[in-house]
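One-letter residues, chain by chain:
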Amino acid sequence: MKTDLTDTTSSKINKALVLGRRAIGTPAVGMVLTLVIVTDEENAYDALKAANEASREHPSRTLVVIKRVSRSPRDRAKARLDAEVRLGADASTGETVVLRLYGEVVDHAQSVVLPLLLPDAPVVVWWPVNAPTDPANDPLGALAQRRVTDTYAAEQPIQELTEHADAYTPGDTDLSWTRITPWRSMLAAALDQVACKVTSAVVEGEEFNPSVELLAMWLADRLGVPVRRSKSAGPGLTSVRMETDAGPIVLDRPDGSLATLSIQGQPDRAVALKRRETAELIAEELRRLDPDDTYASALRFGLERLDEEAATTAPEPEAAEAEAVVVEVEEVTETEGTSKRAAKKAPARKAAAR
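Draft legend 1. How the structure looks around the environment of leucine 17. For leucine 17, the position within the fold is in helix α1 (residues 10-23). On the basis of relative accessibility, which here comes to 1%, the residue leucine 17 falls in the buried class. Along the chain, leucine 17 and valine 97 lie 80 residues apart, while their C-alpha atoms are 8.9 Å from each other.

Draft legend 2. Local environment of the sheet that holds strand β10 (residues 227-232). The 6 strands lie next to each other as β10-β9-β11-β12-β13-β14, forming an open sheet whose pairing is mixed. Only two strands of the sheet have a single neighbouring strand rather than two, namely β10 and β14 (269-272). Each strand of the sheet is rotated relative to its neighbour by a mean of 15°, with strand direction disregarded. In this structure, strand β9 (residues 198-206) lies alongside strand β11 (residues 237-244), joined through 7 bridges in antiparallel fashion. What sits directly across from glutamate 204, in β11, is serine 239. Here helix α7 (residues 181-192) sits on the sheet and contacts β9, β11, β12 (249-252), β13 (258-263) and β14; the angle it forms with β11, its principal contact strand, is near 25°. Of the strands in this sheet, β9, β10 and β11 touch helix α8 (residues 210-223), which is tilted by about 170° from β9.

Draft legend 3. Representation of the nonpolar core in the model. Core analysis: the largest hydrophobic core is formed by 38 residues, its most contacted members being Val203, Leu215 and Leu219. Put simply, the parts of the chain that give this core at least two residues each are α5 (157-166), α7, β9, α8, β11, β12, β13 and α10 (293-301). Considering each element in turn, this core owes the most residues, 8 residues, to α8. Apart from the residues within four sequence positions on either side, leucine 215 is in contact with Ile180, Trp183, Arg184, Leu187, Val203, Leu237 and Val240. Counting 28 residues, the second-largest nonpolar core is a separate cluster that includes Ala16, Ala109, Val113 and Val125.

Draft legend 4. Representation of the pattern of salt bridges within the structure. In total, this model carries 16 salt bridges according to the counting rule given. When the shortest N-O distance is used, the salt bridge between glutamate 41 and arginine 100 registers 3.0 Å. With glutamate 41 in helix α2 (residues 41-54) and arginine 100 in strand β5 (residues 95-102), the pair connects residues that are 59 residues apart, well separated along the chain. For arginine 86, the salt bridge goes to glutamate 84, with nearest N and O atoms at 2.8 Å. With relative accessibility at 13%, the residue glutamate 84 sits in the buried group. Linked through salt bridges whose partners overlap, the residues forming this network are Arg21, Arg61 and Glu95.

Draft legend 5. Focus on the packing of aromatic side chains. Tallied over the entire structure, the rule returns 2 aromatic pairs. Centroid distance tyrosine 168 to tyrosine 295: 6.1 Å. Interplanar angle 65°. Geometry classified as edge-to-face. Of the two residues, tyrosine 168 is situated in the loop between α5 and β8 (172-174) and tyrosine 295 in helix α10; the sequence distance between them amounts to 127 residues. In this pair, the class of tyrosine 168 matches that of tyrosine 295, namely buried. The interplanar angle of 55° and the centroid separation of 5.5 Å between the aromatic rings of tryptophan 177 and tyrosine 295 together place this pair among those described as tilted. Taken together, the residues span a long stretch of sequence, with tryptophan 177 in helix α6 (residues 175-178) and tyrosine 295 in helix α10 at a distance of 118 residues. A relative accessible area of 1% means that tryptophan 177 is categorised as buried. Ring pairing ties together the aromatic residues Tyr168, Trp177 and Tyr295, which thus form one cluster.

Rules behind the numbers
Residues numbered from 1 in each chain as written. Predicted model: local features only at pLDDT ≥ 70, side-chain atom pairs only at ≥ 80, totals over all residues. Heavy atoms only, no water. Helix = DSSP H or I, 4+ residues; strand = E, 2+ residues; numbered from the N terminus. Buried < 20%, exposed > 50% of the residue type's maximum accessible area, 1.4 Å probe, protein only. Pairing = 2+ DSSP bridges. Axes fitted to C-alpha atoms, helices over the stretch in contact; angles between N-to-C directions. Contact = heavy atoms within 4.5 Å. Core = buried A, V, L, I, M, F, W, Y, C linked by side-chain atoms within 4.5 Å. Salt bridge = Lys/Arg side-chain N within 4 Å of Asp/Glu carboxyl O. Phe/Tyr/Trp six-rings, centres within 6.5 Å; stacked < 30°, edge-to-face > 60°.

Here you go:
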């Protein structure tokens, strides 16, 4: 059931919700939370589709706030609110209200949303794109217990990740962090199978992917070892290699679907590690509404600190191989005399310099 309201108010929207529930035979409100999606017209469809799929697990009232851009000064001076109320089959298992804001009301979206929030129910605000630097101090973010952003959709994702770290408030989270949940679970399970001490790690993934940075910071923060990042063609995260005193542990996913877990002394195992859709990510975030302390600790670890440690204690693989060649040549030449040692060490050092 759909109801279109033009140049309306929050009060009229609430009345339309009540009448709509009665019309479809469900006068009671069975929602567990309010999900506020702040987006633009271009991304509204995909965001709403993901929210509707997530509502099968978390029945919620979904408020889609679309701030329309007025082209002329005359239009910007006029405040108008249009709404589309969806109930029943058109809103999956919840209720959906699409709000389109025009003119001066764009700067006061919180006054439109506040009367539509479910009473005594938690509020989650999600920015699929164009998230504020400090979500907790955003007028809409201040209404929520949980604030979800997605730095992967940002123009400068790594820079935005650093800004979110500086402005972090308990309750903030990011879908780039949610994307690495299976990776973190698999790596933790792999370490539980082997009694070993991790000495260093390498995280490989596509460039400008904040999930790669977050996974590297999480490993460095939790294990206290140097972690180096390496670029690949993707998709997304492609490999994590942990060096231990019992041999390397490698989790490799070259195709974005099936991964291979390799542990020294054990047979390789195939692991389902597919890239998840946005609906699955949102559903996971809605399962817990308390602050994510692990995310906060990893985010605050700092990209600069990670780079500094990697540069000083985790050399590039090529350099490590070259150093091994130097040691091997020196051991061989010690048994063959001084003249042969000098002849063979020179090219080996040149290889290390490369």
